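Per-entry structural report
What follows is each chain in one-letter form.
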Amino acid sequence: MLNRSCAGVALILIAACSDRAVTPPSETPVAAIAANAKRPEALAKMFAKGLKNGAFRAYLKAQLDASPYREHKLQFETFLAANGSRALGEIAMENGTSKEELTRQAKAAIALEVYFPVPSHRAAWTGDEHVLVATAVTDDDPPIAFDPEGRRQVLDLKTPPATPVLALVPVETDFSVRPARVMECVVDCDGGGGGPIGGVVPPPPPAPGLYMTKSHFVQDFEGWLKGSPEFEVHILGQKGTTDSLMSYQCAGEHAGGPYTFDQNDLDWSGNVLLFSKSQLDQYNAAHPNQNVRVFVVEDDDTACQIKTDPTQFQNLILAVDSAYNKLTTGNDSSTTVTKAYKYAKALYNVWQALAHWFKSNDELVGNAVEDDIVGSFYPGYNWFVKGENNVTNGWINLEMR
């Protein structure tokens, strides 16, 4: 990383954000959340014992292989009930219990999904009995695993074992939306006939706005049992006239339209819209002299909803604001000659943070701060992502188009 001096005059620009607010979910007491988020060890043990049955293992492998969802995930309750409740019956039989009792336990647990989080495990498992079923609720929980005999063991938090591991973990996938099929050319595939190539109408030109073209993070912020990371970028802005923030737009795997990008590794490149020019103009009109924050999370729960500890979030914001004299937001500073998204000053204190949103364990990657303000640069990127204790967790490249 190379150092350079901060560029010239600090711009204090006018405000930030959008025409699309995200409605926060209804509030739930923290104690109730903790009670409902107990690790489903009993279900993991029963599931593992069900794998003593060779026919059930073959059925499970076929269902996993056929799953259209990323990482070949299955929704646990749906899997149990599919094909005349075949999985439910076979797991219950191997455990010497009733289908009704197993159903009761599954319904009492938090929503779960099943898959092989380690790609090499998924590729290696042939449907044999050499397999473990492991569970954990948060990234900080050591995975608790069971073999088909029901023997319990604690797995390493950082490194997966050589034996393939099936994860039975809280749902991160939106199973209500079946992944779109890739459009295939059927006729006129050579582009003949004078029409659009392959008969497919080209997409419209990209909307003006703030784009991210690449990102790099220093870690995936995801325990190995939770599979690939799900990075999201949120545009945060002032909620009404309060000292609270809200998310005006999310960009991520499930964001939809031009806001969709899927980063499952430490590096990503492409073009994703973070905030349209019309959203930014509307936010500026509604919030004079305010600006927006570009904030990155690793989403462990419901897509495009920030869910984490409010104190942790607030401490992160206050530490970054303090380190950089509140020049931790941004806005459109385009001229008639050039387009640019540049740093701007946060002109209100964040006291309430995202208080109504915090119910789960999304990882806070950090608040974007322009390299001119940090006083350093990382080749190919222009904004630093600053996390807890002002630690650099990554870099992103932002462009106004």
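Further up the page is the structure itself.
Everything in this summary refers to the structure shown in the same document.

Conventions we followed
Residues numbered from 1 in each chain as written. Predicted model: local features only at pLDDT ≥ 70, side-chain atom pairs only at ≥ 80, totals over all residues. Heavy atoms only, no water. Helix = DSSP H or I, 4+ residues; strand = E, 2+ residues; numbered from the N terminus. Buried < 20%, exposed > 50% of the residue type's maximum accessible area, 1.4 Å probe, protein only. Contact = heavy atoms within 4.5 Å. Areas by Shrake-Rupley, 256 points an atom, 1.4 Å probe, with all protein chains shown as cover. Pairing = 2+ DSSP bridges. Axes fitted to C-alpha atoms, helices over the stretch in contact; angles between N-to-C directions. Salt bridge = Lys/Arg side-chain N within 4 Å of Asp/Glu carboxyl O. Arc of directions from axis to C-beta. Phe/Tyr/Trp six-rings, centres within 6.5 Å; stacked < 30°, edge-to-face > 60°. Parallel < 35°, antiparallel > 145°, perpendicular 65-115°, else oblique. Left-handed = near helix turned anticlockwise from the far one by under 90°. Nonpolar A, V, L, I, M, F, W, Y, C, P; charged D, E, K, R; others polar. Core = buried A, V, L, I, M, F, W, Y, C linked by side-chain atoms within 4.5 Å.

1. Structural notes on the overall build of the chain
Counting its regular elements, the chain contains 9 helices and 18 strands. Taken over 401 residues, the chain has a buried fraction of 49%. For the chain, the share of sequence-separated contacts (at least 6 apart) that also reach a separation of at least 24 residues comes to 72%. As displayed, the chain has an accessible area near 18200 Å², and 53% of this comes from carbon and sulfur atoms.

2. Some words on the sheet that holds strand 18 (residues 392–400)
One open sheet accounts for 8 strands, arranged 10-9-12-15-17-18-8-11; its pairing is antiparallel. With partners counted over all chains shown, the strands left at the sheet margins are strand 10 (245–251) and strand 11 (267–276), one partner each. When the angles between neighbouring strand axes are averaged without regard to direction, this sheet yields 35°. Here strand 9 (residues 231–238) runs beside strand 10; their pairing, made up of 6 bridges, is antiparallel. Considered in strand 10, the bridge of Gln 238 is made with Leu 245. Where helix 7 (residues 277–286) meets the sheet, its contacts fall on strand 8 (209–217), strand 9, strand 10, strand 11 and strand 18, and the angle it forms with strand 11 comes to roughly 45°. In this fold helix 8 (residues 310–323) packs onto strand 9, strand 10, strand 12 (293–298), strand 15 (363–370) and strand 17 (383–386), with an angle of close to 20° to the strand it touches most, strand 15.

3. Describing the pattern of salt bridges
On inspection of all chains with the given rule, the structure shows 17 salt bridges. Arg 293 is the salt-bridge partner of Asp 321, the closest N and O atoms lying 2.8 Å from each other. You can see Asp 321 sitting in helix 8 and its partner Arg 293 sitting in strand 12, a full 28 residues away along the chain. Measuring nitrogen to oxygen at the nearest pair gives 3.0 Å for the salt bridge that ties Lys 342 to Asp 372.

4. Section: the sheet that holds strand 3 (residues 112–115)
Read from one edge to the other, the open sheet built from 6 strands follows the order 2-3-7-4-5-6, with strand pairing classed as mixed. A strand with exactly one partner marks an edge of an open sheet, and here the two such strands are strand 2 (74–75) and strand 6 (152–154). By the bridge criterion, 3 bridges tie strand 4 (residues 132–135) to strand 7 (residues 165–170) in an arrangement that is parallel. Bridge pairing links Val 133 to Leu 166 in strand 7.

5. What about helix 7?
Listed as buried for helix 7 are Gln 279, Leu 280, Tyr 283 and Asn 284. Down the axis of helix 7, the sector holding all buried residues measures 130°, keeping them to one side. Looking at helix 7, the residues exposed on the side facing more than 90 degrees away from the buried face are Ala 285 and Ala 286. Looking at the buried positions of helix 7, the neighbouring elements they touch are strand 9, strand 10, strand 11, strand 13 (329–332) and strand 18.

6. Considerations on unusual backbone geometry
Look at Ser 85: it is not a glycine, yet its phi comes out positive at around 60°. With respect to the helices and strands, Ser 85 occurs in helix 4 (residues 76–94). In the Ramachandran plot, Asn 325 falls in the positive-phi region, its phi being about 55° despite a non-glycine side chain. Mapped onto the secondary structure, Asn 325 falls in the loop between helix 8 and strand 13.

7. A few points about the packing of aromatic side chains
A complete count under the given rule lists 15 aromatic pairs for this structure. Between Tyr 69 and Phe 175 the ring centres are 4.9 Å apart and the planes differ by 70°, which places this aromatic pair in the edge-to-face class. Note that Tyr 69 is positioned in the loop between helix 3 (54–66) and strand 2 and Phe 175 in the loop between strand 7 and strand 8, a separation of 106 residues in sequence. Like Tyr 69, the residue Phe 175 is buried in the burial classification.

8. Concerning the packing of helix 2 (residues 41–50) against helix 5 (residues 99–108)
When two helices pack together, their arrangement is given by the angle between the helix axes and the distance between those axes. Between helix 2 and helix 5, the shortest axis-to-axis distance is 10 Å and the interhelical angle comes to 135°. Between helix 2 and helix 5, the crossing angle belongs to the class labelled oblique. Handedness of the helix 2/helix 5 crossing: left-handed. Contacts between helix 2 and helix 5 involve Ala 42, Leu 43 and Met 46 on the former and, on the latter, Leu 102, Gln 105 and Ala 106. Broken down by class, the residue content of the contact of helix 2 with helix 5 amounts to 5 nonpolar, 1 polar and no charged.

9. Concerning the pairing of strand 4
Burial along strand 4 is two-sided: the face carrying Leu 132 and Ala 134 and the face carrying Val 133 and Thr 135 are both buried. In terms of strand pairing, strand 4 meets strand 5 (residues 144–146) through 3 bridges, oriented antiparallel. By the bridge assignment for strand 5, Thr 135 is matched with Ile 144.

10. Examining the nonpolar core
One finds Leu 210, Met 212, Leu 274, Val 294, Ile 396 and Leu 398 to be the most contacted residues of the largest nonpolar core, which totals 52 residues. Apart from the residues lying within four places of it in its own chain, the contact partners of Leu 274 are Leu 210, Tyr 211, Met 212, Val 233, Ile 235, Gln 249, Ala 251, Tyr 259, Val 294 and Leu 398. Ala 106, Leu 112, Phe 146 and Leu 168 belong to the second largest nonpolar core, which has 31 residues in total.

11. Quick notes on the pairing of strand 8
A large share of strand 8 lies buried, amounting to 8 of its 9 residues. Where strand 8 meets strand 11, 7 bridges bridge the pair, whose relative direction is antiparallel. Along strand 11, the bridge assignment pairs His 216 with Asp 267. Where strand 8 lies against strand 18, 7 bridges are found, and the strand directions are antiparallel.

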